[in-house]
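Residues per chain are reported as follows:
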Amino acid sequence: MRAQLMKMLDERKDEIIQIRRHLHENPELSFHEAETAKYIQSFYKGKDVEIATEVGNGHAIVVTIKGGKPGKTIALRADFDALPVREETELPFKSQNEGVMHACGHDGHTAYLLVLADCLISLKEDIPGTIKIVHQHAEETPPGGAKSVVESGILDDVDQIFGIHVFPFGESGEVYYHSGYSMAGRTYFKLKIQGVGGHGSSPHMANDAIVASAYFVTAVQTIISRRLNPFDTGVVTIGSFDGKGSFNVIKDAVELEGDVRYMTTENRDKIDAEIHRIVAGIEAMFGVTTELTYTNDYPPLYNDPKVTEQVVASLQKGIGEYLTAVSEYDMLSGSEDFAYYLQKIPGVFFYIGAKPKNTEQAYFNHHPKFDIDEDALLVAAKSVAEVVLNYYKLD
């Protein structure tokens, strides 16, 4: 069956690329992917599968492939939303939706999984179990789509789940993985500090919100340098400081927005407690009032170590055929809502090298000139196929 499935994928490589290019030309933002969802649904029309639409809080689609024999259930996931980025590539299939771009490779994720799913449908009588294909909306924008898909209950019967992401810093044919905590969790916060405005000549008659806010900016950096274990990883970024006013007017209120990254749930909770403690201290020290919005967007992504071993063993079978290397990679400080699936279901999220050919320095995900080597999409399809075959012992 392995030889048969790999041959089917080889024969449909051009179709995978064609689908990717169509999606790349027609990107849609998170929670607004109505036409993309229709395109995905039309792909499965008339096929012997069960299709659930509008799953969770958006346009997610879950396709259930029931094998010809009873057995366990696995899930494969690909996201399909784009970003609010104005494309700056010169691709002949560049975005036709001004200001929106598939700058993270979700077009490629969807393309490979559509064709892989179709091949698995053709072979389903030989599959001893059930495969759920999760086409997920809104990975890029919190609260994201994954959490709501999990909460819908549609994956309650899934035993293991797998996903991939194209990675522009690795060559096509290279696959990367990390066991355990692999990608950072992310928290958004907004803080309003309310003081008392006044004239610059009479600070004693006012209460300067800028001074209090500046102290907060400095103080929160000590969380990373003085509250976390030196061997742990964390980042607190103040991305917005809205204190604009007149040069001789004491500002009455300031709004700040920030981003927190962490590699473990323990550090998430520690940073959370420390930021709240500092905010309370700001109130006491400066006599201001505060309003803090603190939202944990995506949790740290945790690849189950035992399942990771299983995936690596299966991928190594492809070395010398469609893979040149299967390597462990460092933890990544980016975030990914696939982490929500892994909180409930053992699984693995791994990376497919996709550096464009003849490129010394590739543009990273979310850059307006981001692109991939389309050969990597067949590698993605075969790699995930390998994982499925290994899981069901269909070699």
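For clarity, every value in this text was computed on a predicted model and none was experimentally measured. (Residues numbered from 1 in each chain as written. Predicted model: local features only at pLDDT ≥ 70, side-chain atom pairs only at ≥ 80, totals over all residues. Heavy atoms only, no water.)

All right, on to the sheet that holds strand E13 (residues 289-298) then. Pairing between the strands of a sheet comes from backbone hydrogen bonds, and it takes one of two forms, parallel or antiparallel. Pairing is antiparallel across the open sheet formed by four strands, whose spatial order is E10-E12-E8-E13. With one partner strand each, in any of the chains shown, strand E10 (234-242) and E13 form the two edges of the open sheet. For this sheet, the mean angle separating the axes of adjacent strands, direction not counted, is 15°. With nine bridges connecting them, strand E8 (residues 185-194) and E13 associate as antiparallel partners. Counterpart to Thr-187 in the pairing with E13 is Asn-296. Taken strand by strand, helix H6 (residues 209-226) contacts E8, E10 and strand E12 (253-262), and its axis lies near 165° from that of E10. (Pairing = 2+ DSSP bridges. Helix = DSSP H or I, 4+ residues; strand = E, 2+ residues; numbered from the N terminus. Axes fitted to C-alpha atoms, helices over the stretch in contact; angles between N-to-C directions. Contact = heavy atoms within 4.5 Å.)

The next subject is the packing of aromatic side chains. Under the definition given, this model contains 17 aromatic pairs. Here the aromatic rings of Phe-167 and Tyr-351 are separated by 6.0 Å at their centres, their planes lie at 40°, and the arrangement is tilted. In this pair, Phe-167 is assigned in strand E5 (residues 160-167) and Tyr-351 in strand E16 (residues 347-353), connecting sequence segments 184 residues apart. For the pair Phe-167 and Tyr-351, one class covers both residues: buried. For Tyr-351, a relative accessible area of 3% translates into the label buried. Through a chain of ring-to-ring contacts, three or more aromatic side chains come together here, namely Phe-167, Phe-169, Tyr-176, Tyr-329, Phe-338, Tyr-341, Phe-349, Tyr-351 and Phe-364. (Phe/Tyr/Trp six-rings, centres within 6.5 Å; stacked < 30°, edge-to-face > 60°. Buried < 20%, exposed > 50% of the residue type's maximum accessible area, 1.4 Å probe, protein only.)

Those residues of helix H3 (residues 34-43) lying buried are Thr-36, Ala-37, Ile-40 and Phe-43. Taken around the axis of H3, the buried residues stretch over an arc of 115°, which confines them to a single face. Next to the buried residues of H3 lie helix H2 (13-25), strand E2 (60-66), helix H4 (106-122) and strand E4 (128-136). (Arc of directions from axis to C-beta.)

So, about the layout of surface pockets. Space inside the largest pocket adds up to approximately 390 Å³. Residue lining of the largest pocket: 18 residues in total, with Cys-104, Met-183, Gly-334, Ser-335 and His-366 positioned closest to the centre. Classifying every residue of the lining of the largest pocket by side-chain character gives eight nonpolar, five polar and five charged. Each pocket or cavity is described by its volume, and for the second largest pocket that value is around 150 Å³. Elements supplying a minimum of two residues to the lining of the second largest pocket: H6 and helix H7 (265-286). (1 Å grid on protein atoms, 1.4 Å probe; cavity = no way out; pocket = protein on both sides within 12 Å on 5 of 7 lines; lining within 4 Å. Points joined across faces, edges and corners; volume = space filled by probe spheres on them. Nonpolar A, V, L, I, M, F, W, Y, C, P; charged D, E, K, R; others polar.)

So, about the side chain of Ser-213. Along the chain, Ser-213 turns up in helix H6. Within the structure, the side chain of Ser-213 is placed 2.7 Å from the backbone oxygen of Ala-209, a separation counted as a polar contact. Discounting chain neighbours no more than four positions away, the residues touching Ser-213 are Ile-193, Phe-241, Val-254 and Leu-256. (Polar contact = N/O pair within 3.5 Å; in protein donor to acceptor, adjacent residues only side chain to side chain.)

UniProt annotation of "domain: Peptidase M20 dimerisation" (unreviewed entry) refers to residues 185-280 when read in the numbering used here. Segment residues 185-280 splits into 35% helix and 34% strand. End C-alpha atoms: 24 Å apart. (UniProt positions renumbered as here; feature names shortened; annotations may be inferred.)

This paragraph deals with the pattern of salt bridges. For the structure on display, the rule yields 32 salt bridges. A salt bridge links Arg-2 to Glu-386; its shortest N-O distance comes to 2.6 Å. Here Arg-2 is found in helix H1 (residues 2-11), whereas its partner Glu-386 is found in helix H10 (residues 375-391), with 384 residues between them in sequence. With relative accessibility at 15%, the residue Arg-2 sits in the buried group. (Salt bridge = Lys/Arg side-chain N within 4 Å of Asp/Glu carboxyl O.)

With that out of the way, let us pick up the packing of H2 against H10. It is at 9 Å that the axes of H2 and H10 come closest, and there the two elements cross at 115°. Considering their axes alone, H2 and H10 lie roughly perpendicular with respect to each other. The element H2 and its partner H10 pack so that their crossing is right-handed. Between H2 and H10, the residues in contact are Lys-13, Ile-16 and Arg-20 and Asp-375, Leu-377, Leu-378 and Ala-381, respectively. Residue composition of the contact of H2 with H10, grouped by class: four nonpolar, no polar and three charged. (Parallel < 35°, antiparallel > 145°, perpendicular 65-115°, else oblique. Left-handed = near helix turned anticlockwise from the far one by under 90°.)

Their axes nearest at 10 Å, the elements H1 and H10 cross at an angle of 160°. Between H1 and H10, the angle falls in the class roughly antiparallel. As for the relative orientation of H1 and H10, their crossing is right-handed in sense. Of H10, the residues touching H1 (which contributes Arg-2, Leu-5, Met-6, Leu-9 and Asp-10) are Leu-378, Ala-381, Lys-382, Ala-385, Glu-386 and Leu-389.

Next up on the list: the pairing of E2. On any regular strand, side chains alternate: one points to one face of the sheet, the next to the other face. Counting buried residues along E2, six of its seven residues qualify, which places the element largely inside the surrounding structure. Two strands pair when backbone bridges link them, and strand E1 (residues 50-55) and E2 are joined in this way by four bridges, in the antiparallel orientation. Bridged to Ile-51 within E2 is Val-63. As defined by bridge partners, E2 adjoins E4 across six bridges and the pair is classed as antiparallel. Paired with Thr-64 across the two strands is Lys-132, which belongs to E4.

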